[in-house]
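Fold and contact review
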Amino acid sequence: MLAMCGLLLMAACNKKENTEQSNNATEQQAAPAATPIDPATVATVNGTVKFDGTAPKASKIDMSQDPACKGANEAENVVVSGGDLANVFVYVKDGLGNRTFDMPKDPVVLDQSGCRYHPHVLGVMTGQTVQIKNDDPTTHNIHPTPKDNREWNESQPPSSPALEKSFAREEIMLPVKCNQHPWMKMYINVVKSPFYAVTDKSGKYEIKGLPPGDYTIAFVHEKLGEQDQKVTVAAKDTKTVDTTFKPEGAGAGVQ
Amino acid sequence: MQARSARTRLRVPLPRILLDPRGTLLKAIATSYNPKLHRFAVVLACWTFLLIIAGALVTSNDAGLSVPDWPTSFGSWYKIPHLVGGVRFEHTHRMIAQVAGLLTIVLALWTWRAEKRRWLRYLAVAALGTVILQGVLGGLTVLLYLPPAVSSAHAALAQTFFCIAVVIAIFTGRRWIEEQPRVEFDSRKPSLFTLTLLSIFVLYVQLLLGAMFRHHGMSWWPHVTHSAIVAFVLAWTAVRALSVYSQIEAVRRPAILMLLLVIGQLCLGFTAFLTRVSWGRDAVQPELPMVISTVAHVAVGALLLATTVVLAIQVWRHVPVAFEERLPQAQRDPSAA
């Protein structure tokens, strides 16, 4: 009886999943043509994200639960080096109007290696393929817990082919975790435009190819929250937009 | 009248025709003690307690979805996966649950064939229905990605099943079958039996609030606030039982145990709050003090609920509400006739 109930449920879930996937495919097929951008006039926004205060000490992670997880590992929730803040997702939040953009054909790669995600923060366009690889000699499960996209949970044994997934709706700081290794967490940011970046270890970012206009640039950090800044760029402009985050408690974190 | 007054002691050997504590005559059923069935029921109760601990370990280690499929595990019905990381907790929980299901099937069949008390046969079948429902809830919580309502129902039904297993063990025990109950009527208001039922109710509410918090469906404060109500009601019940009916061993023992468990549970709850809410809020992975304190809090909570259910049953048997308390006023007052 248990088995029967389980099979019925599985069948129901698979049916729902297939329906959603076909809906996504229909959405992608029906997407309007991209609004043309004159490459001769595009501008660039770049800058540095700083952390004002004493950086929290990164917690050491105990990976002894799985002998296949080798090497040192530490938390990446607040990564500060010399006052520069890494893993901040920077994107054009407002100002693009009704423009549409071509979806990149190349997938974005998310790698699991050393029982940690590389990168820790990822940007991707709606509908763009995320290729998920497992380079570890152990099984991982990839489990995004979105608010606006479809939730899924799949296991990936070692040496298995890469999983290819996409997200249909915009969503910032979408958490992804591995329930087999509970320290493994990362965030995917799904946006409609290609104008986004993630700060590197030196806190730097660069967004290229912006058409001239007035924009709101959002800086989002998983723990330290969001900050917005207005910027106006003219044709062929290069503007620098820096920002500074304060320690947690001084600003709202991402839920 | 004196014979019907409160605290009347009744020690009459009633081997064939029983005066039920409720005041009605019952035809005695010659039930004989079946030691093998009783031992089997005890094993099921102990195994269920182990299962509750295994389930609590899954939640505390955030391993609920480490095996993403159900009813198979990584696509297999029988193959044991590599027990590392979260899989160690989740798959072990599944294996213990499968054994619990098998034990319950055996108990239900055995009880149905060997037991003469019809209500106990039905109770054993109800236990089987509960364990099936519990398995389905466990599967749903995996397939639906741990929705708080389903996960909380799974947690609450686990303790319900544990209580059923414990009471079956008691009902099949030698003492329950062969004992001449020492009965003392209770005319106080509220009656001790009412207090035990109230204790079970507040414990159940507390169980649901705790489960909802644990499964991210609710904040911590309703569970913490309600613990004061639980402590008050259970202390009231225990004090009444021990101050008035301490000479009845069957009441005294669960009452003392309930009091000790509620004290221990409050201490464990405080520790679990510190390790999870205060100190462990920003932990990057489940930390051992949090895991130990929260699992112990769940386990002692299950023992506390089962002990309270046992106390209620023993009170129902040994300290019934006085007969005249249950008569309508018109029948009680001769002048009204």
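Rules behind the numbers
Residues numbered from 1 in each chain as written. Chains lettered and ligands numbered in written order. Predicted model: local features only at pLDDT ≥ 70, side-chain atom pairs only at ≥ 80, totals over all residues. Helix = DSSP H or I, 4+ residues; strand = E, 2+ residues; numbered from the N terminus. Contact = placed C-beta atoms within 7 Å. Buried ≥ 20, exposed ≤ 12 C-beta atoms within 10 Å, placed from the backbone. Pairing = 2+ DSSP bridges. Axes fitted to C-alpha atoms, helices over the stretch in contact; angles between N-to-C directions. Nonpolar A, V, L, I, M, F, W, Y, C, P; charged D, E, K, R; others polar. Parallel < 35°, antiparallel > 145°, perpendicular 65-115°, else oblique. Left-handed = near helix turned anticlockwise from the far one by under 90°. Core = buried A, V, L, I, M, F, W, Y, C linked by C-beta atoms within 7 Å. pLDDT = per-residue confidence, 0-100.

**Section: the overall build of chain B**
- Helix and strand counts for chain B come out as 10 helices and 4 strands.
- In chain B, the order of α-helices and β-strands from amino to carboxyl end is β-β-β-α-α-α-α-α-β-α-α-α-α-α.
- In chain B, the proportion of contacts linking residues at least 24 apart, taken out of those at least 6 apart, comes to 74%.

**Some thoughts on the overall build of chain A**
- The helix and strand inventory of chain A stands at 1 helix and 19 strands.
- Burial analysis of chain A (255 residues in total) assigns 35% to the buried set.
- Across chain A, the fraction of contacts at a sequence separation of at least 24, relative to all contacts at a separation of at least 6, is 67%.

**Notes on the sheet that holds strand β5 (residues 108–113) of chain A**
Residue and element names in this part refer to chain A.
- Reading across from one edge, β6-β5-β8-β11 is the order of the 4 strands in this open sheet, with mixed pairing throughout. If you trace the sheet from one side to the other, it starts and ends with β6 (116–118) and β11 (163–165), each paired once. Here the strands of the sheet are splayed against their neighbours by 25° on average, with no regard to which way each runs.

**A few points about the pairing of β5 of chain A**
Residue and element names in this part refer to chain A.
- Bridging between β5 and strand β8 (residues 130–134) involves 5 bridges; their strand directions are parallel. Looking across to β8, one finds that V108 is bridged to V130.
- Here β5 runs beside β6; their pairing, made up of 3 bridges, is antiparallel. Across the sheet, D111 pairs through a bridge with H118, a residue of β6.
- What sits between the antiparallel neighbours β5 and β6 is a turn of 2 residues, in which G114 has the positive phi angle 65°.

**Overview of the sheet that holds strand β12 (residues 171–177) of chain A**
Residue and element names in this part refer to chain A.
- Overall, mixed pairing links the 5 strands, which are arranged β7-β13-β12-β9-β10 in an open sheet. At either margin of the open sheet sits one strand with a lone partner, and together these are β7 (121–125) and β10 (154–156). Within the sheet, the average angular offset between the axes of one strand and its neighbour, ignoring direction, is 30°.
- One ladder, built from 5 bridges, connects β7 with strand β13 (residues 185–191); its direction is parallel. Its bridge partner lying in β13, L122 is registered against I188.

**Here's the deal with the interface of chain B and chain A**
- Counting residues at the interface gives 24 residues for chain B and 27 residues for chain A.
- For the side of chain B that touches chain A, the leading source of residues is helix α3 (residues 118–143) of chain B, giving 6 residues.
- For the side of chain B that touches chain A, the residue count by class is 15 nonpolar, 8 polar and 1 charged.

**A few points about unusual backbone geometry**
- In this structure, the amide linkage connecting H118 of chain A to the following residue, P119 of chain A, adopts the cis form with an omega of 0°.
- Its location among the elements puts P119 of chain A in the loop between β6 and β7.
- Of note, the amide linkage connecting K189 of chain B to P190 of chain B takes the cis form, showing an omega dihedral of -5°.
- Relative to the elements of secondary structure, P190 of chain B occurs in the loop between β4 (183–184) and α6 (192–214).
- The phi dihedral of H216 of chain B is positive, around 65°, even though this residue is not glycine.
- Counting through the fold element by element, H216 of chain B comes out in the loop between α6 and α7 (221–244).
- For H216 of chain B, a count of 12 C-beta atoms within 10 Å corresponds to the exposed category.

**Looking at the packing of α6 of chain B against α7 of chain B**
Residues and elements named next belong to chain B.
- At their nearest, the axes of α6 and α7 sit 9 Å apart, and the two run at 160° to each other. In terms of orientation, α6 lies roughly antiparallel with respect to α7. Judged by the twist between their axes, the crossing of α6 over α7 is left-handed. Along its contact with α6, which presents L192, L195, T196, L198, S199, V202, L203, V205, Q206, L209, G210 and F213, the element α7 presents P222, H223, H226, S227, I229, V230, V233, L234, W236, T237, R240 and A241.
- Here the contact of α6 with α7 is built from residues that sort into 15 nonpolar, 8 polar and 1 charged.

**Brief notes about the nonpolar core**
Residue and element names in this part refer to chain B.
- Ranked by size, the top nonpolar core spans 67 residues in total, and within it A127, F162, A165, V166 and I168 carry the most contacts.
- Among the elements of the structure, α1 (35–60), α2 (85–114), α3, α4 (148–171), α6, α7, α8 (249–278) and α9 (288–318) are those that each provide at least two residues to this core.
- Ranked by the residues each element gives to this core, the list is headed by α9, at 13 residues.
- Excluding residues that lie within four positions of it along the chain, I168 makes contacts with A41, L123, A124 and A127.

**Regarding the environment of P137 of chain A**
Residues and elements named next belong to chain A.
- Residue placement: P137 occurs in the loop between β8 and β9 (140–144).
- For the pair P137 and P67, spaced 70 residues apart in the sequence, the C-alpha separation amounts to 9.7 Å.
- Setting aside anything within four residues of it in sequence, one finds P137 in contact with A68 and P158.

**So, the confidence of the model for chain B**
All names here are of chain B.
- This prediction gives chain B a mean pLDDT of 89; 86% of its residues lie at or above 70.
- Confidence over residues 1–18 falls short of pLDDT 50; this stretch has 23 contacts with residues more than four positions distant or in other chains.
- Scored below 50 in pLDDT, residues 23–27 shows 6 contacts in the model against residues more than four places distant or in partner chains.

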